Amino acid sequence: MGRESLQRRLGWPPSRLKTIRAGLLRVRQAVEADATRPLTRAEKVGLVVLVAVPMIVTAIALLPEVTIPVPSLNDDALHYLFVQRASQALANGQNPFDLWVPQIEAGFPQFFYYQPLPALVVAGLQRLSLGSVDLLTTFNLVRWVLLVGLPLTVFVSMRWMGFSPIAEIGRASCRERV
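Below you will find a few notes about this structure. Here the structure is a predicted model, which is why all the values come from computation and not from measurement.

Some words on the overall build of the chain
Argument step 1. When its secondary structure is counted, the chain shows nine helices and zero strands.
Argument step 2. Along the chain, helices and strands appear, N-terminal first, in the series α-α-α-α-α-α-α-α-α.
Argument step 3. When each of the 178 residues of the chain is scored for burial, the buried share is 29%.
Argument step 4. Carbon and sulfur atoms provide 66% of the accessible area of the chain, an area that totals close to 12400 Å².

Rendered as structure tokens:
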């Protein structure tokens, strides 16, 4: 949309559009200049709080996912099946990268076509607990940790990409609403 059509649609005089453009340019320059200066201690604490609050809220809201041992009915039902098969393969000395999942369409070599690492990590963590935590709880706990830690991964990723701290925090704290 060109300036003329915007001016016609809004009915604003050219001087008003010029003033708005100049204001937006000043804001952009201020943000760019602000992004290059080091953060003060108070700003760092504020940024940590803004990332920690969504993580804490998510942790509390999703706590029943870990404490109630019921698998969910979405894709997690299949993923838990893959974790079970990977754990059985490890227990029986089979190759966990080439196992058969008989529950899917009269049998299917699932890990030949689908990534096995998530299922193997969960099965391995359950084995590291020496059986003190059951497989379903380990599966739910890993999913809970990943969901709680997502704002932190967004923040760190944006930090590595060179975004300004305000953009990093804004995106990390808003991740839960998307």
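After that view, the rundown keeps rolling.
Examining the environment of Leu-150
Argument step 1. Structurally, Leu-150 can be placed in helix α8 (residues 135-160).
Argument step 2. The exposure class of Leu-150 is partly exposed, given its relative accessible area of 29%.

Section: the pattern of salt bridges
Argument step 1. The final tally for this structure, using the stated rule, is two salt bridges.
Argument step 2. With its nearest N and O atoms 2.5 Å apart, the salt bridge here joins Arg-143 to Asp-76. Placement of Arg-143 in helix α8 and of Asp-76 in helix α5 (residues 76-92) is noted, with a sequence separation of 67 residues between them. Asp-76 matches Arg-143 in its accessibility class, with the two residues each being buried.

Side note on the packing of helix α3 (residues 41-61) against α8
Geometrically, a packed helix pair is captured by the angle between its two axes and the distance between the axes.
Argument step 1. In contact at an axis separation of 9 Å, α3 and α8 are set at 170° when each is read in the N-to-C sense. Classified by the angle their axes make, α3 and α8 are roughly antiparallel. When the axes of α3 and α8 are compared, the crossing they make is right-handed. Residues Val-51, Pro-54, Met-55, Thr-58 and Ala-59 of α3 form the contact with α8, whose own contacting residues are Trp-144, Leu-147, Val-148, Gly-149, Pro-151, Leu-152 and Phe-155.

Quick look at a nonpolar patch on the surface
Argument step 1. Where nonpolar side chains cluster on the molecular surface, the patch consists of Val-45, Val-49, Val-53 and Val-57 and spans about 320 Å² of accessible area.
Argument step 2. What makes Val-49 partly exposed here is its relative accessible area of 43%.

What about the nonpolar core?
In summary, soluble globular proteins display a tendency toward joint burial of nonpolar side chains.
Argument step 1. If you look at the biggest cluster of nonpolar residues, it comprises 17 residues, and the most contacted ones within it are Phe-82, Val-83, Ala-86, Val-101, Phe-111, Ala-119 and Phe-139.
Argument step 2. Breaking this core down by element, the ones donating at least two residues are α5, α7 (117-128) and α8.
Argument step 3. The element contributing the most residues to this core is α5, with six residues.
Argument step 4. Look past the residues within four positions of Phe-82 in its chain and what remains in contact with it is Val-101, Ile-104, Gln-110, Phe-111, Tyr-114 and Ala-119.
Argument step 5. The next biggest cluster of nonpolar side chains, apart from the first, holds seven residues, and it includes Leu-47, Met-55, Ala-59 and Val-148.

Description of the side chain of Asp-76
Argument step 1. With a relative accessible area of 14%, Asp-76 lands in the buried category.
Argument step 2. What Asp-76 contacts, discounting residues up to four positions off in sequence, is Phe-139 and Arg-143.

What counts, and where the lines are drawn
Residues numbered from 1 in each chain as written. Predicted model: local features only at pLDDT ≥ 70, side-chain atom pairs only at ≥ 80, totals over all residues. Heavy atoms only, no water. Helix = DSSP H or I, 4+ residues; strand = E, 2+ residues; numbered from the N terminus. Buried < 20%, exposed > 50% of the residue type's maximum accessible area, 1.4 Å probe, protein only. Areas by Shrake-Rupley, 256 points an atom, 1.4 Å probe, with all protein chains shown as cover. Salt bridge = Lys/Arg side-chain N within 4 Å of Asp/Glu carboxyl O. Axes fitted to C-alpha atoms, helices over the stretch in contact; angles between N-to-C directions. Parallel < 35°, antiparallel > 145°, perpendicular 65-115°, else oblique. Left-handed = near helix turned anticlockwise from the far one by under 90°. Contact = heavy atoms within 4.5 Å. Patch = residues over 30% accessible without salt bridge, like charges linked within 9 Å, V, L, I, M, F, W, Y side chains within 5 Å. Core = buried A, V, L, I, M, F, W, Y, C linked by side-chain atoms within 4.5 Å.

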